[in-house]
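Chain residues, written in single-letter form:
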Amino acid sequence: MLNYYKRAVLAEFRKKLLPNKVLVLLGARRVGKTALIKNYLETIPADSYLQLNGEDIDDANLLKERSVSNYKRLLANVNLLVIDEAQNIPDIGKILKLIVDSINGIKIIATGSSVFDLSNKLGEPLVGRKNTIYLFPLAQMEFANHENYKETTQKLEERLLFGSYPELEQYPDWKDKINYLKEVINSYLLKDILVFEGIKQSNKIMDLLKLIAFQLGQEVSLQELARQLGISKNTVESYLDLLSKVFVVYKVPGFSRNLRKEITKSNRWYFYDNGIRNCIIGNFNRLDNRTDIGALWENYLAAERIKYQNYTQKNVTNYFWRTYDQQELDWLEEENGNISGYEFKWNENRKSKIPTAFAKAYPEASFEVINKQNYLDFII
């Protein structure tokens, strides 16, 4: 079933896979990085590439001797080197630099789920020598190639509850989906963080995620989180930074250009996937039996919009907007100086109009309410 969905990054993937460059494919664990590469490798001759896994000690040892002669021996007669989970290999950046600089025509794909690790080890050595692509759980724009409008409508509740990790598609039974998500959280989700030096309090990280999960679409106070968790504000900040870098949550800051009463110092946090969020709080109740449907809808639209922006290579900055007297917009985008404001509404009967203060401060800005009638135009 994993091979069924053609990934939206495939064209860009092929375009950015260049001789003497490293193509870095980043994303959370289990979002389909290995499946994407497997599908690609099936389209080229089997003897034209070498595939290694950074989590396999024997594979990692093949790269250990950092010499041109070793790498020429290793890569004789192949023009593509693939390294899965490359962040596990010590000095991977220096190794890849030596390979791309000394073996003419070699192409390299390196995948990783741990951005803080992979980027730090790759960043400096590979300046000017790498292209980066991000992969997320399946996007509605990818599902859209395989389903009609009626099917999409019928699947909406399921996606709001279980998210869109690719392997979920092979489990028609909802109980199996829940078990799969529990397995992802227990075995994979925080794996990169917990092996990261200095992280000992895995229970605090899970408690932090729970607190964030209950505050979707609200400003989050680091001070308050620190107080509730019994840890320092700096520790909260560093945990959130790590959770961002392994693609569990992401931050949306407040927008302001010129109003004194606009809130800019706090941030809102969202999950990259609704299923992960619901699993963390242990709530998979049907939509008609929930009190947080507005938050679920907001998280879903925000995550799908992020995927859409990445896959269509839009150069956009995302914000929320709010004033101290409670006028607000759920989502605001700035692209080339143009501002677009959006309000996310699950309940279509509740009318929404542009906040007066926003219209006055940003008369050129566009405004749109995103609801169940028009949401597909926002995310596809």
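Before reading further, recall that the structure is shown in the block above.
Below is a summary of the structure that appears in this document. (Residues numbered from 1 in each chain as written. Predicted model: local features only at pLDDT ≥ 70, side-chain atom pairs only at ≥ 80, totals over all residues. Heavy atoms only, no water.)

What to know about the overall build of the protein chain
Put simply, the test is: Helix and strand definitions here come from DSSP, where helices need a minimum of 4 consecutive H or I residues and strands a minimum of 2 consecutive E residues; each element is numbered from the N-terminal end. Remark: exposure states derive from per-residue accessible area (1.4 Å probe, protein chains only) relative to the maximum for the residue type, with buried under 20%, exposed over 50%, and partly exposed in between. By definition, residues are in contact when any of their heavy atoms lie within 4.5 Å.
Secondary structure assignment for the protein chain yields 17 helices and 11 strands. Each principal axis of the C-alpha distribution contributes one length, and for the protein chain these read about 70 × 50 × 45 Å. Going through the 380 residues of the protein chain one by one, you find that 54% of them count as buried. Taking the intrachain contacts of the protein chain between residues at least 6 apart in sequence as the baseline, contacts between residues at least 24 apart amount to 72%.

Some details on the side chain of Arg305
Considering the arrangement of structural elements, one finds Arg305 in helix α15 (residues 293-311). Given a relative accessible area of 8%, Arg305 falls into the buried group. Not counting residues up to four positions away in its chain, the partners in contact with Arg305 are Trp331, Glu333, Tyr342, Phe378 and Ile379.

Here we look at α15
Here is the rule we go by: Expected span of a helix, by definition, is 1.5 Å for each gap between consecutive residues, and there is one gap fewer than residues.
End to end, α15 covers 27 Å across 19 residues, agreeing with the expected 27 Å (1.5 Å per residue, within 8%). Burial runs high along α15: 17 of the 19 residues are buried. Within two residues after α15, Gln313 carries a phi angle of roughly 55°, on the positive side.

Some words on the pattern of salt bridges
As a reminder, the rule being used: Just to be clear on terms, a salt bridge is a Lys or Arg side-chain nitrogen sitting within 4 Å of an Asp or Glu carboxyl oxygen.
Following the criterion strictly, the structure yields 24 salt bridges and no others. For the salt bridge of Lys97 with Asp101, the shortest nitrogen-to-oxygen distance reads 3.3 Å. Of this pair, Lys97 and Asp101 both sit in helix α5 (residues 92-102), four residues apart, which is roughly one turn of the helix. Overall, the relative accessible area of 45% leaves Asp101 in the partly exposed class. Linking Lys307 and Glu304 is a salt bridge whose minimum nitrogen-to-oxygen distance equals 2.9 Å. On the criterion of helical spacing, the pair formed by Lys307 and Glu304 is a turn pair, its members being three residues apart in helix α15. Each member of the salt-bridge network shares a partner with another, and the members are Arg29, Glu55, Glu85 and Lys191.

Considerations on the sheet that holds strand β11 (residues 366-370)
Here is the rule: When DSSP finds at least two bridges between two strands, those strands are taken to pair. The convention used is that axes are lines fitted to C-alpha atoms, helices contributing only their stretch in contact, and that angles between N-to-C directions extend from 0 to 180 degrees.
Strand order in the open sheet formed by four strands is β8-β9-β10-β11, and the pairing between neighbours is mixed. Unpaired on one side and paired on the other, β8 (317-322) and β11 mark the two borders of the sheet. If you compare each strand with its neighbour and ignore which way they point, the axes differ by 30° on average. With five bridges joining them, strand β10 (residues 338-344) and β11 adopt parallel strand pairing. Its bridge partner lying in β11, Ser340 is registered against Ser366. Contacts from α15 reach β8, β9 (328-335), β10 and β11, with the element oriented near 5° to β9.

Concerning the nonpolar core
For clarity, the threshold we go by: Residues enter a nonpolar core if they are buried and are Ala, Val, Leu, Ile, Met, Phe, Trp, Tyr or Cys, with the set joined through side-chain atoms within 4.5 Å.
Counting residues in hydrophobic clusters, the biggest one holds 114 residues, and the most contacted among them are Leu96, Ile99, Leu243 and Phe271. Looking at this core, the element that brings in the most residues is α15, giving 11 residues. Look past the residues within four positions of Ile99 in its chain and what remains in contact with it is Leu63, Tyr71, Leu75, Leu81, Ile106 and Ile108.

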